[in-house]
Amino acid sequence: MPQATRILVIDDDTELSQLVADYLKPMGFEVECEHEGDSGAERATSEPWNAIILDVMMPGCDGFEVLRRIRAKSKVPVMMLTGRGEEVDRIVGLELGADDYLPKTFSSRELLARLRAVLRRSGWVAESSPQAPMKEIVVGPLRINADSHAVVLGDSPLDLTPAEFGLLLSLAKAHGRVRTREQLIEDVADREWDVFDRAIDMHISTLRRKLGDDPKNPQFIKTVRGFGYQLVTPNR
């Protein structure tokens, strides 16, 4: 039998946690819940999970601190829940390494679609049909392997989140051509919800930092105002 996809929900709202579990389990997911930040962080980093659904606002150890502890040990995909919907929460979470954000007013269908997109970006969800292995993409000193999700700049491997890798791969496939926000959302997130439109900017900013790009004069990822982004070979 195929191995179940393991999801950990970390949320002090026991009722919401149970609703999420009750919805996902019939869809083939194995769902466990933790209702405190400290215990959630411990389980998140000590057991194998395919993805984590993490609440921002928890008493004591909040979601941001839990995410810091997770990212110190693991690159497991993390989707954060917020009841406040403030942009600053999304920005902080994304900068700390969250892969997606979902307001607590979400519908069950949106939750499932976003979770599947996060899993697909991380490589946990197989494509519906087999594809031939993609060769390594080389852009100047940057090497991107779509199969192993490995990215190397010069001789140094880069540590990217699944969302960052998905964006970089999409840009690399279109090397030299502009990718619009809509195209990036379709490639990376498989959805058109407005929340990810702003998230793209944050992921691009983080990517530039990891690539050593000067945000005022980036050499790898160029902003084409009014259109989107393009990955180019740096002149250095």
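Attention in this report is confined to the structure presented alongside it. Note that the structure is predicted; figures quoted are calculated from it, not measured. (Residues numbered from 1 in each chain as written. Predicted model: local features only at pLDDT ≥ 70, side-chain atom pairs only at ≥ 80, totals over all residues. Heavy atoms only, no water.)

**Some thoughts on the sheet that holds strand S5 (residues 100-103)**
Spatially, S2-S1-S3-S4-S5 is the arrangement adopted by the five strands of the open sheet, whose pairing is parallel. Each edge of the open sheet carries a strand with a single partner, namely strand S2 (29-34) and S5. In this sheet, neighbouring strand axes are inclined to one another by 20° on average, regardless of whether the strands run parallel or antiparallel. Note: strand S1 (residues 5-10) against strand S3 (residues 51-55), four bridges, orientation parallel. Counterpart to isoleucine 7 in the pairing with S3 is alanine 51. Across the sheet, helix H2 (residues 37-46) lies against S1, S2 and S3, angled at about 160° from S1, the strand it touches most. Across the sheet, helix H5 (residues 108-122) is in contact with S1, S2, S3, strand S4 (78-82) and S5; its angle to S5 comes to roughly 175°. (Pairing = 2+ DSSP bridges. Helix = DSSP H or I, 4+ residues; strand = E, 2+ residues; numbered from the N terminus. Axes fitted to C-alpha atoms, helices over the stretch in contact; angles between N-to-C directions. Contact = heavy atoms within 4.5 Å.)

**Regarding the sheet that holds strand S8 (residues 150-153)**
Read from one edge of the open sheet, four strands run S6-S7-S8-S9, paired in antiparallel fashion. Because the sheet does not close on itself, it has two edges, and the strands there are strand S6 (137-139) and strand S9 (156-157). Here four bridges tie strand S7 (residues 142-145) to S8, and the two strands are oriented antiparallel to one another. Its bridge partner lying in S8, isoleucine 144 is registered against valine 151. Relative to S7, helix H6 (residues 162-173) is tilted by about 110°, and along the sheet it contacts S6, S7 and S8.

**Let's talk about the side chain of serine 17**
Looking at the secondary structure, you find serine 17 in helix H1 (residues 14-24). Setting aside residues no more than four positions away along its own chain, serine 17 makes contact with Val9, Asp11, Cys33 and His35.

**Observations concerning the packing of H2 against helix H3 (residues 63-73)**
Closest axis-to-axis distance for the H2/H3 pair is 9 Å, and the angle between their directions is 20°. As judged from the angle between their axes, H2 and H3 are roughly parallel. By crossing handedness, the relation of H2 to H3 is classed as right-handed. Between H2 and H3, the contacting residues are Gly37, Asp38, Ala41, Ala44 and Thr45 on the first element and Val66, Arg69, Ile70 and Lys73 on the second. In terms of residue class, the contact of H2 with H3 is built from four nonpolar, two polar and three charged. (Parallel < 35°, antiparallel > 145°, perpendicular 65-115°, else oblique. Left-handed = near helix turned anticlockwise from the far one by under 90°. Nonpolar A, V, L, I, M, F, W, Y, C, P; charged D, E, K, R; others polar.)

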